[in-house]
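Observations on the model geometry
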Amino acid sequence: MIDRKSGVPAFRQVAADLREKIVTGEFAPGAKLPSEHDLVEMYGVSRPTVREAVDVLRGEGLVTAEHGRGVFVRPPASIQRIARSRLSREARERNHGAFLADATAGGFTPSTSVKIRFEPADARVAGHLAIDEGAEVTVRDRVMRADGLVVQLAVSHLSRELTRGTAIEDIDTGPGGTYARLEEAGRTIESFAERVGARMPTPAEASQLQLGDGVPVITVTRVAYAVDGTPLEMNDMVLAADRYELSYEWPAG
């Protein structure tokens, strides 16, 4: 019940009690919180008070609301992104792509949804791919999940000249993914270059990643290069900063 004499707003008292139940495991990761009606009865407060309390927890990233289903405790997903042999040919041949490997190593079940589109290259894309601005590119727009929770957004751009007539333009690119299809077409990948940054998310990104207020995103732009130095693919990734750890390993000599 709520202490009406404490001076603390009722919604903050409800939020504090629910937070304690989440932290102590009384409400386990993935569990559904009691219904709004049940919370009203449990704390002796109004529906608007319960909604304000839940909004506080959503802002802290502790719970997510699913339309028509209820409010759920967010799983504490923490994925380690190891920059070592994540994109090696051996790993690709085992169909153990970078995200799949990262999520699986962390004990999560990975899944990805893909949308394909074709569009003219803007100045930035053209610059990275060394093609003319306005040239047609294939865009692979992916949403990546760990145990059903969206943890990464990734958008790849490739010249349409490289992808036309290949499975790269399909939802399912087949074993080994995009890079295997490029190499089958005679475009052997020699190297990758990544640039890592951080910023606040756009409203669309915050919504897709279900980020709490004030949670930033990690950005990674990767370009794959052929043996002759030709850029083959540019991949823009947006990672939820509260769910990722970047790890780097390299030999000393």
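Details of the structure are given in the entry above.
Presented here is a report on the structure given in the accompanying data block. (Residues numbered from 1 in each chain as written. Predicted model: local features only at pLDDT ≥ 70, side-chain atom pairs only at ≥ 80, totals over all residues. Heavy atoms only, no water.)

Another point: helix α1 (residues 10-23). Residues lying three or four places apart along an α-helix face the same way, a consequence of the helix completing one turn every 3.6 residues. Compared with an ideal rise of 1.5 Å per residue, which puts 14 residues at 20 Å, α1 spans 20 Å between its outermost C-alpha atoms and is within 8% of the ideal. Among the residues of α1, A10, F11, Q13, V14, A15, L18, K21 and I22 are the ones counted as buried. On its buried face, α1 sits against α2 (36-43), α3 (47-59), β1 (63-66) and β2 (70-73). One or two steps after α1, the chain reaches G25, where phi turns positive at roughly 90 degrees. (Helix = DSSP H or I, 4+ residues; strand = E, 2+ residues; numbered from the N terminus. Expected span 1.5 Å × (residues − 1). Buried < 20%, exposed > 50% of the residue type's maximum accessible area, 1.4 Å probe, protein only. Contact = heavy atoms within 4.5 Å.)

Below, the discussion takes up the packing of α2 against α3. The contact between α2 and α3 brings their axes to 9 Å, and the two run at 105 degrees. One element, α2, and the other, α3, form an angle in the roughly perpendicular class. Within the contact between the two elements, α2 uses E36, H37, L39 and V40 and α3 uses R47, V50 and R51. (Axes fitted to C-alpha atoms, helices over the stretch in contact; angles between N-to-C directions. Parallel < 35°, antiparallel > 145°, perpendicular 65-115°, else oblique.)

This part takes up the nonpolar core. Membership of the largest hydrophobic core comes to 21 residues, with the highest contact counts inside it found for V14, L18, Y43 and V45. Taken together, the elements giving at least two residues each to this core come down to α1, α2, α3 and β2. Here this core takes six residues from α1, the largest share from any one element. When neighbours within four sequence positions are excluded, V14 is seen to be in contact with I2, Y43, V45 and A53. I79, V151, V220 and L239 belong to the second-largest nonpolar core, a separate cluster that totals twelve residues. (Core = buried A, V, L, I, M, F, W, Y, C linked by side-chain atoms within 4.5 Å.)

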